[in-house]
Amino acid sequence: MPHTKRRRLVTTALAVSLGATALAACGSGDGTKAESGPVSLTYWTWTPGMDKVVDLWNKGPGKKDRITVTVKKQASGDTLITKILTAHKAKKAPDLVQAEYQALPTLVSNDALADISDEVDDVKDKFAEGVWQQTTLGTDAVYAVPQDIGPMMFYYREDLFKHYGLKVPTTWEQFAETARRLKEKAPDKDLTTFSAGDSGLFAGLAQQAGAKWWTTSGDKWKVGIDDAATRKVADFWGGLVKEGVIDNQPMYTPSWNKALNTGEQIAWVSAVWAPGTLTTAAPDTKGKWAMAPLPQWSADQDVTGSWGGSSTAVTTDSAHKEAAAEFAAWLNTDHDALNALAKEGGIYPASTSAQLSGAFSNPPAYFSNQADFYTKAAGIAKTTAPSAWGPNVNVAYTSFKDAFGPAAKNKSDFTAALRKVQDDTVADLKKQGFEVAR
């Protein structure tokens, strides 16, 4: 099979279910078994405290199998992806890398990640189907082991909801009505804000609505960023901003922190990692918030989107694929390893068994008033919708910020902004030489 970028990318499109044979033919990993002697592996990761977690391996299972792992701390996001690809071109990529789910198609398309399906098939049942799917790219191959996830949820000031006689919305229609009712009762307050600087948040909301941003049609890419599901999401939030019943300021600013801390904003659509953010953004409101499932588009649905999360992958440059895969599986399924990851790195594990044990037996200190926080979170995580990432997520995310920023500020048409993101993403694919279906 030709190792052309277009062919490789189309073959590994997330929404297409292909056989593992074709994919294996595209990879350069030779499936080399771990040597009988000592094996040394290098792991590029940005997770805080990972060296302490890896020490457990080096002194335990790794010592027994004579597999030693060395952590090399890296920057996250696009910076790390660029560094991995640069190293791979020189055939000097590390054995293991931490990669966000949306970055996997780019790494696989550049033949940087090995198919480890044979080595990690026995841990598949430890993850929710929608989470595991993100590491398979919709194929029979497996390109990473899920590490942490960010299932989306609805956070609200329990005391202020009670004060204003508001009910927790279970549908997006109810969410809109709640925003209007609050504005009527307290004109100086907002239910929440639409933050045009957070592409990942919008992507997760679209994912929940059933969006498929990157798919394939034959040998061509098909970009659906302006599909019906995403237009529904854009129209909904754009309508609320234009109506003036929610705020339009970006998140993670001193102004936004103040709004949360003083009760000027009384709810937040976020993910399972929100308690850590609230602890610093709104310290005076500790114990006053509660978490609930994300509102649904119809009352009979039960699905959530994902905002954030990463995996542990083995590179095609590794001479010790089996040993590296063994470590990746241990890191993300072992009870002690996951407890250490939660304690040292502050992650929410992708492994379903770890979501109700160890560090997650009790609620976050900020949510001490909600004893069932992690029980509820684990149930929500199981409903994570499948994703459909493509080779130029970074371009789409940048375009989103450029197009939605002015739209949110000026309270103008979000649909037009969405079309701009679609057009920019398609133009970039064509510029790179990919064929794009209409």
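Residues numbered from 1 in each chain as written. Predicted model: local features only at pLDDT ≥ 70, side-chain atom pairs only at ≥ 80, totals over all residues. Heavy atoms only, no water.

Examining the pairing of strand β6 (residues 220-223)
Here is step 1: Side chains W221 and V223 of β6 all project onto a buried face; the interleaved residues K220 and K222 project onto a face where none is buried.
Here is step 2: By the bridge criterion, 4 bridges tie strand β5 (residues 214-217) to β6 in an arrangement that is antiparallel. Pairing of S217 across the sheet is with K220, part of β6.
Here is step 3: Connecting β5 to the antiparallel partner β6 that follows it, the hairpin turn spans 2 residues, and G218 within it adopts a positive phi of roughly 65°. (Buried < 20%, exposed > 50% of the residue type's maximum accessible area, 1.4 Å probe, protein only. Helix = DSSP H or I, 4+ residues; strand = E, 2+ residues; numbered from the N terminus. Pairing = 2+ DSSP bridges.)

Notes on a negative patch on the surface
Here is step 1: On the surface, D118, D121, D122 and D125 cluster together to form a negatively charged patch.
Here is step 2: Of note, D125 is situated in the loop between α7 (117-120) and α8 (129-136). (Patch = residues over 30% accessible without salt bridge, like charges linked within 9 Å, V, L, I, M, F, W, Y side chains within 5 Å. Areas by Shrake-Rupley, 256 points an atom, 1.4 Å probe, with all protein chains shown as cover. Salt bridge = Lys/Arg side-chain N within 4 Å of Asp/Glu carboxyl O. Lys, Arg positive; Asp, Glu negative; His and termini not counted. Charge placed at Lys NZ, Arg CZ, Asp CG, Glu CD.)

Some details on the environment of K92
Here is step 1: You can see K92 is positioned in the loop between α5 (77-89) and β3 (96-100).
Here is step 2: What makes K92 exposed here is its relative accessible area of 66%.
Here is step 3: Those residues in contact with K92 that sit more than four places away from it in its chain are A87 and D317. (Contact = heavy atoms within 4.5 Å.)

Re the packing of helix α18 (residues 393-410) against helix α19 (residues 414-431)
Axis angle and axis distance: for two packed helices, these are the angle between their axes and the distance between the axes, and together they describe the pair.
Here is step 1: At a minimum axis separation of 9 Å, α18 and α19 run at an interaxial angle of 155°. As judged from the angle between their axes, α18 and α19 are roughly antiparallel. The crossing of α18 and α19 is right-handed. Where α18 abuts α19, its residues V395, A396, S399, F400, A403, F404, A407 and A408 lie against F414, A417, L418, K420, V421, D424, T425 and D428.
Here is step 2: Among the residues making up the contact of α18 with α19, the classes are represented as 11 nonpolar, 2 polar and 3 charged. (Axes fitted to C-alpha atoms, helices over the stretch in contact; angles between N-to-C directions. Parallel < 35°, antiparallel > 145°, perpendicular 65-115°, else oblique. Left-handed = near helix turned anticlockwise from the far one by under 90°. Nonpolar A, V, L, I, M, F, W, Y, C, P; charged D, E, K, R; others polar.)

Quick word on the packing of helix α11 (residues 199-208) against α18
Here is step 1: Direction vectors running N to C along α11 and α18 enclose 100°, while the axes themselves pass 9 Å from each other. Our classification of the angle between α11 and α18 gives roughly perpendicular. Of α18, the residues touching α11 (which contributes S199, G200, F202 and A203) are Y397, F400, K401 and F404.
Here is step 2: Its residues assigned to classes, the contact of α11 with α18 comprises 5 nonpolar, 2 polar and 1 charged.

Description of the packing of aromatic side chains
Pairs of aromatic rings are described using the distance from one ring centre to the other and the angle between the two planes.
Here is step 1: The final tally for this structure, using the stated rule, is 41 aromatic pairs.
Here is step 2: Seen from their ring centres, W172 and F236 are 5.6 Å apart, and the 65° between their planes marks the pair as edge-to-face. With W172 in helix α10 (residues 172-185) and F236 in helix α12 (residues 228-243), this residue pair connects regions lying 64 residues apart in the sequence. Taken as a pair, W172 and F236 share a single burial class, namely buried.
Here is step 3: With a centroid separation of 4.9 Å and an interplanar angle of 50°, the aromatic rings of F194 and F414 are classed as tilted. With F194 in the loop between α10 and α11 and F414 in helix α19, this pair connects stretches of sequence that are 220 residues apart. Each member of the pair, F194 as well as F414, carries the same accessibility label: buried.
Here is step 4: Against the face of W44 rests K83, its NZ or CZ located 5.1 Å from the ring centre. (Phe/Tyr/Trp six-rings, centres within 6.5 Å; stacked < 30°, edge-to-face > 60°. Lys NZ or Arg CZ within 6 Å of the ring centre and 35° of its normal.)

Quick word on the pattern of salt bridges
Here is step 1: A full pass over the atoms with the stated rule returns 6 salt bridges.
Here is step 2: Between K52 and E344 there is a salt bridge whose closest N-O contact spans 3.7 Å. Of the two residues, K52 sits in helix α3 (residues 50-59) while E344 sits in helix α16 (residues 335-345), which places them 292 residues apart along the sequence.
Here is step 3: A salt bridge links E177 to R180; its shortest N-O distance comes to 2.7 Å.

A look at the confidence of the model for the chain
Here is step 1: Looking at the chain, the pLDDT average stands at 90 and 92% of residues meet or exceed 70.
Here is step 2: For residues 11-34, every residue scores under 50 in pLDDT, and the model assigns this stretch 55 contacts once sequence neighbours within four places are set aside. (pLDDT = per-residue confidence, 0-100.)

Regarding the side chain of Q134
Here is step 1: Structurally, the position occupied by Q134 is in helix α8.
Here is step 2: Among the polar contacts made by the side chain of Q134, one reaches the side chain of S387 at a distance of 3.2 Å. (Polar contact = N/O pair within 3.5 Å; in protein donor to acceptor, adjacent residues only side chain to side chain.)

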